[in-house]
Structures are given as C-alpha cells and as structure tokens.
Amino acid sequence: MGGIVDPDEELVRRVGQADPAAIQAMVARKLPRVLSLAARMLGDPAEAEDVAQDAMLRAWKQAPSWRPGQARFDTWLHRVALNLCYDRLRRR
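Engineer: What should I look at first to understand the packing of aromatic side chains in this one?
Structural biologist: Any pair of aromatic rings gets described here by the distance separating the centres and the angle formed by the planes. Counted by the stated rule, this structure contains 3 aromatic pairs. On the numbers, 5.2 Å between centres and 85° between planes, the contact of Trp-66 with Phe-73 is edge-to-face. Each member of the pair, Trp-66 as well as Phe-73, carries the same accessibility label: buried.

Engineer: Where do I start with helix α1 (residues 9-16) in this structure?
Structural biologist: Because the α-helix completes a turn every 3.6 residues, residues three or four places apart line up on one side. Those residues of α1 that fall on the buried side of the exposure criterion are Leu-11, Val-12 and Val-15. Along α1, the residues classed as buried sweep out an arc of 100° about the axis, all on the same side. At its buried positions, α1 is contacted by α2 (20-42), α3 (45-62) and α4 (73-91). Just beyond α1, the residue with positive phi is Ala-18, at close to 60°.

Engineer: Can you walk me through the packing of α2 against α3 in this structure?
Structural biologist: How two helices pack is summed up by the angle between their axes together with the distance between the axes. Viewed as axis vectors pointing N to C, α2 and α3 meet at an angle of 140°, and their least axial separation amounts to 8 Å. Taken as axis vectors, α2 and α3 run oblique relative to one another. Crossing handedness for the pair α2 and α3: right-handed. For the pair formed by α2 and α3, the contact residues are Ile-23, Met-26, Val-27, Lys-30, Leu-31, Val-34, Leu-35, Ala-38, Ala-39 and Leu-42 on the first element and Glu-47, Ala-48, Glu-49, Val-51, Ala-52, Ala-55, Met-56, Ala-59 and Trp-60 on the second.

Engineer: When you look at the side chain of Lys-30 in this model, what are you seeing that I'm missing?
Structural biologist: Following the sequence through the fold, Lys-30 ends up in helix α2. With residues near it in sequence (within four places) discarded, Lys-30 still touches Asp-8, Met-56, Asp-74 and Leu-77.

Engineer: Teacher, can you tell me more about the pattern of salt bridges here?
Structural biologist: A side chain of one charge can pair with a side chain of the opposite charge if their charged atoms are brought near each other. By the definition in use, this model includes 11 salt bridges. Residues Arg-13 and Glu-10 are paired through a salt bridge, measuring 2.4 Å at the closest nitrogen-oxygen approach. Here Glu-10 and Arg-13 lie together in helix α1, a separation of 3 residues that amounts to about one turn. The closest approach of N and O atoms between Arg-58 and Asp-54, which form a salt bridge, is 3.4 Å. Note that Arg-58 and Asp-54 are positioned in helix α3 at a spacing of 4 residues, about one turn of the helix. Under the relative-accessibility criterion, Arg-58 is labelled partly exposed at 41%. Through salt bridges with shared partners, a single ionic network connects Asp-8, Arg-29, Lys-30, Arg-33 and Asp-74.

Quick notes on the rules
- Residues numbered from 1 in each chain as written.
- Predicted model: local features only at pLDDT ≥ 70, side-chain atom pairs only at ≥ 80, totals over all residues.
- Heavy atoms only, no water.
- Phe/Tyr/Trp six-rings, centres within 6.5 Å; stacked < 30°, edge-to-face > 60°.
- Buried < 20%, exposed > 50% of the residue type's maximum accessible area, 1.4 Å probe, protein only.
- Helix = DSSP H or I, 4+ residues; strand = E, 2+ residues; numbered from the N terminus.
- Arc of directions from axis to C-beta.
- Contact = heavy atoms within 4.5 Å.
- Axes fitted to C-alpha atoms, helices over the stretch in contact; angles between N-to-C directions.
- Parallel < 35°, antiparallel > 145°, perpendicular 65-115°, else oblique.
- Left-handed = near helix turned anticlockwise from the far one by under 90°.
- Salt bridge = Lys/Arg side-chain N within 4 Å of Asp/Glu carboxyl O.

Right, here's the structure in full:
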C-alpha cells in the first residue's frame, strides 16, 4: 500500500531535469485539458490561453522539487489551473 501511482511521475522527473523532449511531451499531454478547463470557466479564449500558459509555467517550475506519492501531478495541475481561473473571475 504505497503512495499514489502517478503515470506522469517519470515525465515530471525528466521535466525537473530540464529535458527538452520531456517538457515538450508534458505540454503536448497537459495543455489541451488545462486550456479546455480555462476556456469553459472564463469564456474568453485569450484569458484561457493566459491561464494555461501560467499553469504550465508553474508546472515546469515545480517539477524539480516534485515529490511523488503525495498527489497525482495531473490532479495538482488541474487544481492550479482552477485556482488561476478563480483568481481571474474574482478580479472581474
């Protein structure tokens, strides 16, 4: 009964090592979902792109210190995007 199994664990580890192929793979794998979430919540494509870019930047910055087993990376990234959307909605 170990920690949470995270299919992104190896990818996050490689992103944390600044592996260009891993960074590209993470963006390809995660950006569409984050962009879709932000577009649904904000109803503004430009704002959604800003949120998605910010969320991906935070993922890249977080990757070197990511500790597997506490939460799935996907769940964490979803929560980051959600919070960024809520921040923008509050500012309106």
